[in-house]
Amino acid sequence: MLEWTRLTWAPMSTEGSSAQRIRLLIVDDQPLVRRGLALMLSMEPDMEVVGEAGDGIEAIELARQRRPDVVLMDLHMPRKGGVGATREITASLPQTRVLVLTTLEAEQSVFDAVRAGAMAYLLKDATEQEVLETVRAVHRGESRLTPQIARKVLDQFRRMAETAPPPEYRHEEPKDPAVSLTEKENNVLQLIAEGKSNKQIGTMLSLAEGTVKNYVSRIMEKLHAGSRTELAVIALRQRRVE
C-alpha cells in the first residue's frame, strides 16, 4: 500500500519567493509612465510593484501603508513634488530608499533631490537595463549618480562654496581629509564617487566584497557621511575625482 503521507511537494516559486522580491512603489503623475514602469518591473522575478501614486501626497501615504523597499520617484508633480515627498519618506521610513527617475536635469533639481535623501538619480532616457540595475543597486544600499548628474551636483557645491558652505558640513568634515584616508581608502572613495558598486570596486581593486564594505564603513566614519550618496558628494566637493 502506498504511504501518501511520505510524499511532500515544495513548489519553488511560491513559498518564500515574495519575501525575497524587491517591493517597489512607482510615483509619477503620468498614468502611462506608471503603467509602463509597472509592467517592465513586474516582469522581473526579483521585483514586485506594491503600489502606484500620482503625486507626492499619495506617495507618502502609500509608502507608509505598504513599506516599499524602493520608491521610483518623479520630481515635477501636482500637489506635492518629488523632492518634498522624498524628504518625508526617507525621514519617516529609513529602510525605504528613493530612486529619482525624472526628465529634470537642472543642477538645482539634482542637488535638491540628493539633499532630500535620494540614493540615485536617473533621467527618463535611461535604458531599461540601467533602470533595473539601479533599482537593485539602491536596494543593496548603494548610491548611483551618473557622471553627468554627479557633475551637476559638484557644480552646485562649487557655487555654494563661493558664498558659504552648507551648515551641516561646517563642523563635520575633517580639516585635512586627504591625510586621514589611506591610499586604499582614497581609491575606494574615488570609485564610490564614480558610482561603482561594492562588487565592481572589489573586482577593480582585487578585494573581497566584504572587505570593500569594511572600507566604505571606515571612510564614512572618517568623513562623517550618513550615506554613500553623501559620501560621493563630499568626495566630489573636495575635488577628489575629476
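Residues numbered from 1 in each chain as written. Predicted model: local features only at pLDDT ≥ 70, side-chain atom pairs only at ≥ 80, totals over all residues. Heavy atoms only, no water.

## Some words on the packing of aromatic side chains
In step 1: Taken as a whole and judged by the stated rule, the model has zero aromatic pairs.
In step 2: One residue, Arg218, lies across the ring of Tyr215, its end atom 4.7 Å from the ring centre. (Phe/Tyr/Trp six-rings, centres within 6.5 Å; stacked < 30°, edge-to-face > 60°. Lys NZ or Arg CZ within 6 Å of the ring centre and 35° of its normal.)

## Let's talk about the sheet that holds strand β6 (residues 144-145)
In step 1: Overall, parallel pairing links the six strands, which are arranged β2-β1-β3-β4-β5-β6 in an open sheet. Taken across any chain shown, the strands that pair with only one partner, and hence form the sheet edges, are β2 (47-53) and β6.
In step 2: Looking at chain direction, strand β1 (residues 22-27) and β2 are connected through six bridges and run parallel. Bridge pairing in β2 links Arg23 to Glu48.
In step 3: Packed onto the sheet, helix α4 (residues 82-92) meets β3 (70-73) and β4 (97-102) and runs at close to 170° relative to β3.
In step 4: Strand contacts of helix α6 (residues 128-139): β1, β2, β3, β4, β5 (120-123) and β6, with the helix running at about 160° to β4, the strand carrying the most contacts. (Pairing = 2+ DSSP bridges. Helix = DSSP H or I, 4+ residues; strand = E, 2+ residues; numbered from the N terminus. Contact = heavy atoms within 4.5 Å. Axes fitted to C-alpha atoms, helices over the stretch in contact; angles between N-to-C directions.)

## As for helix α11 (residues 209-223)
In step 1: Compared with the 21 Å implied by 1.5 Å per residue over 15 residues, the 21 Å span of α11 between its first and last C-alpha is a close match.
In step 2: Note on α11: the residue one or two positions beyond its end, His224, has a positive phi of about 55°. (Expected span 1.5 Å × (residues − 1).)

## Thoughts on the pattern of salt bridges
In step 1: A full pass over the atoms with the stated rule returns 11 salt bridges.
In step 2: Among the salt bridges present, the one from Asp28 reaches Lys124, with a minimum N-O distance of 2.6 Å. Placement of Asp28 in the loop between β1 and α2 (31-42) and of Lys124 in the loop between β5 and α6 is noted, with a sequence separation of 96 residues between them.
In step 3: For Asp55, the salt bridge is made with Arg79, and the minimal N-O distance between the two is 3.0 Å. Of this pair, Asp55 sits in the loop between β2 and α3 (56-66) while Arg79 sits in the loop between β3 and α4, and the two are 24 residues apart along the sequence.
In step 4: Judged by relative accessible area, Asp55 falls into the buried class, the value being 6%. (Salt bridge = Lys/Arg side-chain N within 4 Å of Asp/Glu carboxyl O. Buried < 20%, exposed > 50% of the residue type's maximum accessible area, 1.4 Å probe, protein only.)

## Points about the packing of α3 against α4
In step 1: Where α3 contacts α4, the two axes come as close as 9 Å, and the packing angle between them is 15°. If you check the angle between α3 and α4, you find them roughly parallel. Here the hand of the crossing between α3 and α4 comes out right-handed. Residue-level contacts link Gly56, Ala59, Ile60, Ala63 and Arg64 of α3 to Ala85, Glu88, Ile89 and Ser92 of α4.
In step 2: In the contact of α3 with α4, the residues fall into five nonpolar, two polar and two charged. (Parallel < 35°, antiparallel > 145°, perpendicular 65-115°, else oblique. Left-handed = near helix turned anticlockwise from the far one by under 90°. Nonpolar A, V, L, I, M, F, W, Y, C, P; charged D, E, K, R; others polar.)

## A look at unusual backbone geometry
In step 1: A positive phi is found at Arg79, a non-glycine position, where the angle reads about 65°.
In step 2: What makes Arg79 exposed here is its relative accessible area of 60%.
In step 3: Positioned with a positive phi, Ser206 is a non-glycine residue whose angle comes to about 55°.
In step 4: Summarising the element assignment, Ser206 is placed in the loop between α10 (198-205) and α11.

## Some remarks on the side chain of Asp74
In step 1: Take Asp74: it is sitting in the loop between β3 and α4.
In step 2: Take Asp74: its relative accessible area is 4%, and that puts it in the buried class.
In step 3: The residues touching Asp74, leaving out its near neighbours within four places in the chain, are Val27, Asp28, Asp29, Gly82, Leu101, Thr102 and Lys124.

## Regarding the nonpolar core
In step 1: Of all hydrophobic cores here, the largest spans 25 residues; its most connected members are Val27, Met73, Ile89, Val98, Val100 and Tyr121.
In step 2: Counting residues per element, the ones that place at least two in this core are β1, α3, β3, α4, β4, α5 (107-116) and β5.
In step 3: By residue number, the principal contributor to this core is α3, which donates four residues.
In step 4: The residues touching Val100, leaving out its near neighbours within four places in the chain, are Met73, Leu75, Ala113, Ala118, Ala120, Tyr121 and Leu122.
In step 5: Ile26, Leu37, Met47 and Val138 belong to the second largest nonpolar core, which has 20 residues in total. (Core = buried A, V, L, I, M, F, W, Y, C linked by side-chain atoms within 4.5 Å.)

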